[in-house]
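# Per-entry structural report
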Amino acid sequence: MEEVSGNLIEKINEAVDFIKSHNVTSPRYGIVLGTGLGALVNEMKIEKIINYDEIPHFPVSTVEFHSGKLMFGRLADKPVVVMQGRFHFYEGYSMKEVTFPIRVMKLLGIEKLFMSNAAGGLNESFNISDLMIINDHINLMTQNPLTGKNLDEFGGRFTDMYEPYDFSMVHSGLKIAKELGIQTHEGVYAAVPGPNLETRAEYRYLSIIGADAVGMSTVPEIIVARHMEIPCFAVSVITDLCYPSAVEKIDIQKIIAAAHKAEPGLTKLITRLIGEQDS
Ligand code: HPA
């Protein structure tokens, strides 16, 4: 539990000052590389890399395949900052830790946030390796990153969730996906704490309450970004199917292969979408 908001703000400012002391170009767009976006770095003109463990107060990644780097450079000729390695609540990080980098990216100058994740498909029209552009979410995580004293410097007490995912970017994302011939849906993402996967009864429940996909990330970061009124865009890669006629025992190799297959399409989609932004 964060003791007082003052401490958190000091920590955020120390992290920001440290990063700025490296003479990075001020980024306009922040990207959190989740599942299916690893290859995006190959599309980037990288100017500066800072390891998380060098940055004061930055959480350090634990999952081995997440190397933990903040990368500055250009994507589609736009100045971006990319988080390679993200923090999950199920790894034991607090909600304040999970969302700390989003606060830092805001003070570095980002105007929009882009994220990806892996998710189980609850909607019967979904297939493995399809993409789902998130148009809304249901937060079933047990904690919220905004509890405690409000950080007035960043936003108001009661964060509005009228447009958690930027309507116009959802629209543009779907249009780009269609032009690129990528199998893409839009839908509602349910966020659960994990790390266990869901029971059949839970999948049924999630489907009944209106979720199209389920996963264990993204929503804390989106909530904090919306607290700061940053427009957000997020995509799920459907890595396994969870509706009654398709649910199977989870096979991590199959999940990795499904994510891998979606990677080129998702990389193109995000690159094009960022290329089209001008605010
Ligand atoms: N449930 C929760 N999280 C997930 C799943 C799932 O089926 N697949 C990928 N992430």
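Residues numbered from 1 in each chain as written. Predicted model: local features only at pLDDT ≥ 70, side-chain atom pairs only at ≥ 80, totals over all residues. Heavy atoms only, no water.

### Focus on the pattern of salt bridges
Tallying each qualifying case throughout the model produces 5 salt bridges. When the shortest N-O distance is used, the salt bridge between Glu179 and Lys175 registers 3.6 Å. Taken together, the residues span about one helical turn, with Glu179 and Lys175 both in helix H4 (residues 167-180) at a distance of 4 residues. Between Arg272 and Glu179 there is a salt bridge, and its shortest N-O distance comes to 2.4 Å. Of the two residues, Arg272 sits in helix H7 (residues 252-276) while Glu179 sits in helix H4, which places them 93 residues apart along the sequence. Each of Lys175, Glu179 and Arg272 takes part in one network of salt bridges that share partners. (Salt bridge = Lys/Arg side-chain N within 4 Å of Asp/Glu carboxyl O. Helix = DSSP H or I, 4+ residues; strand = E, 2+ residues; numbered from the N terminus.)

### Focus: the nonpolar core
Membership of the largest hydrophobic core comes to 81 residues, with the highest contact counts inside it found for Ile19, Ile31, Leu70, Val104 and Leu113. Leu113 has contacts with Gly30, Val32, Ile102, Met105, Glu221, Ala225, Ile230, Pro231, Cys232 and Phe233, leaving out every residue within four places of it along the chain. One finds Leu206, Val214, Met216 and Cys242 within the second-largest nonpolar core, a separate group that totals 9 residues. (Core = buried A, V, L, I, M, F, W, Y, C linked by side-chain atoms within 4.5 Å. Buried < 20%, exposed > 50% of the residue type's maximum accessible area, 1.4 Å probe, protein only. Contact = heavy atoms within 4.5 Å.)

### Structural notes on the packing of aromatic side chains
One pass over the structure, following the stated rule, counts 8 aromatic pairs. Where Tyr52 meets Phe58, the ring centres are 4.9 Å apart and the plane angle is 50°; that geometry is what we call tilted. The exposure classification of Tyr52 matches that of Phe58, with both residues buried. Judged by centre distance (5.0 Å) and plane angle (75°), the ring pair of Phe87 and Tyr93 falls under edge-to-face. The same class applies to Phe87 as to Tyr93, namely buried. Across from the ring centre of Phe154, 4.8 Å away, lies the NZ or CZ of Arg103, which sits over that ring. (Phe/Tyr/Trp six-rings, centres within 6.5 Å; stacked < 30°, edge-to-face > 60°. Lys NZ or Arg CZ within 6 Å of the ring centre and 35° of its normal.)

### Examining the site of the ligand
Ala118, Ala119, Gly120, Leu197, Glu198, Tyr203, Val214, Gly215, Met216, Thr239, Asp240 and Cys242 make up every residue found near the ligand. Gly120 is positioned with one of its backbone polar atoms (N or O) 3.3 Å from a nitrogen atom of the ligand. Tyr203 is positioned such that a nitrogen or oxygen atom in its side chain is 2.9 Å from an oxygen atom of the ligand. Here the ligand has 260 Å² of accessible area as a free molecule, and 92% of this is covered by the chains. Those elements that place two or more of their residues in the shell around the ligand are strand E5 (112-121), strand E8 (213-215) and strand E9 (232-241). In terms of residue count, E5 provides more of the shell around the ligand than any other element does, 3 residues in total. The residue inventory of the shell around the ligand, partitioned by class, reads 7 nonpolar, 3 polar and 2 charged. (Near = heavy atom within 4 Å. Polar contact = N/O pair within 3.5 Å; in protein donor to acceptor, adjacent residues only side chain to side chain. Areas by Shrake-Rupley, 256 points an atom, 1.4 Å probe, with all protein chains shown as cover. Nonpolar A, V, L, I, M, F, W, Y, C, P; charged D, E, K, R; others polar.)

### Notes on the packing of H4 against H7
In contact at an axis separation of 10 Å, H4 and H7 are set at 125° when each is read in the N-to-C sense. When the axis of H4 is compared with that of H7, the two are oblique. Remark: the crossing between H4 and H7 carries right-handed chirality. On the side of H4, the interface is formed by Met169, Ser172, Gly173, Ile176, Ala177, Glu179 and Leu180, while H7 contributes Lys268, Leu269, Arg272, Leu273 and Glu276. (Axes fitted to C-alpha atoms, helices over the stretch in contact; angles between N-to-C directions. Parallel < 35°, antiparallel > 145°, perpendicular 65-115°, else oblique. Left-handed = near helix turned anticlockwise from the far one by under 90°.)

### Thoughts on H4
Given 3.6 residues per helical turn, the α-helix brings residues three or four places apart onto the same face. End to end, H4 covers 20 Å across 14 residues, agreeing with the expected 20 Å (1.5 Å per residue, within 8%). Here H4 has its buried residues at Met169, Val170, Gly173, Ile176 and Ala177. The buried residues of H4 occupy an angular sector of 130° when the element is viewed end-on, so they sit on one face. Facing away from the buried side of H4 by more than 90 degrees, the exposed set consists of His171, Lys175 and Lys178. The secondary structure elements touched by the buried residues of H4 are E5, strand E6 (131-139), strand E7 (184-191), E9 and H7. Just beyond H4, the residue with positive phi is Gly181, at close to 70°. (Expected span 1.5 Å × (residues − 1). Arc of directions from axis to C-beta.)

### A short note on a nonpolar patch on the surface
Side chains of Tyr205, Ile208 and Ile209 sit close together on the surface and give an oily, nonpolar patch of about 320 Å² of accessible area. By secondary structure assignment, the location of Ile209 is in the loop between helix H5 (200-208) and E8. (Patch = residues over 30% accessible without salt bridge, like charges linked within 9 Å, V, L, I, M, F, W, Y side chains within 5 Å.)

### Observations regarding the environment of Glu153
Considering the arrangement of structural elements, one finds Glu153 in the loop between E6 and H4. It is 8.7 Å that separates the C-alpha atoms of Glu153 and Ile9, two residues lying 144 residues apart in sequence.

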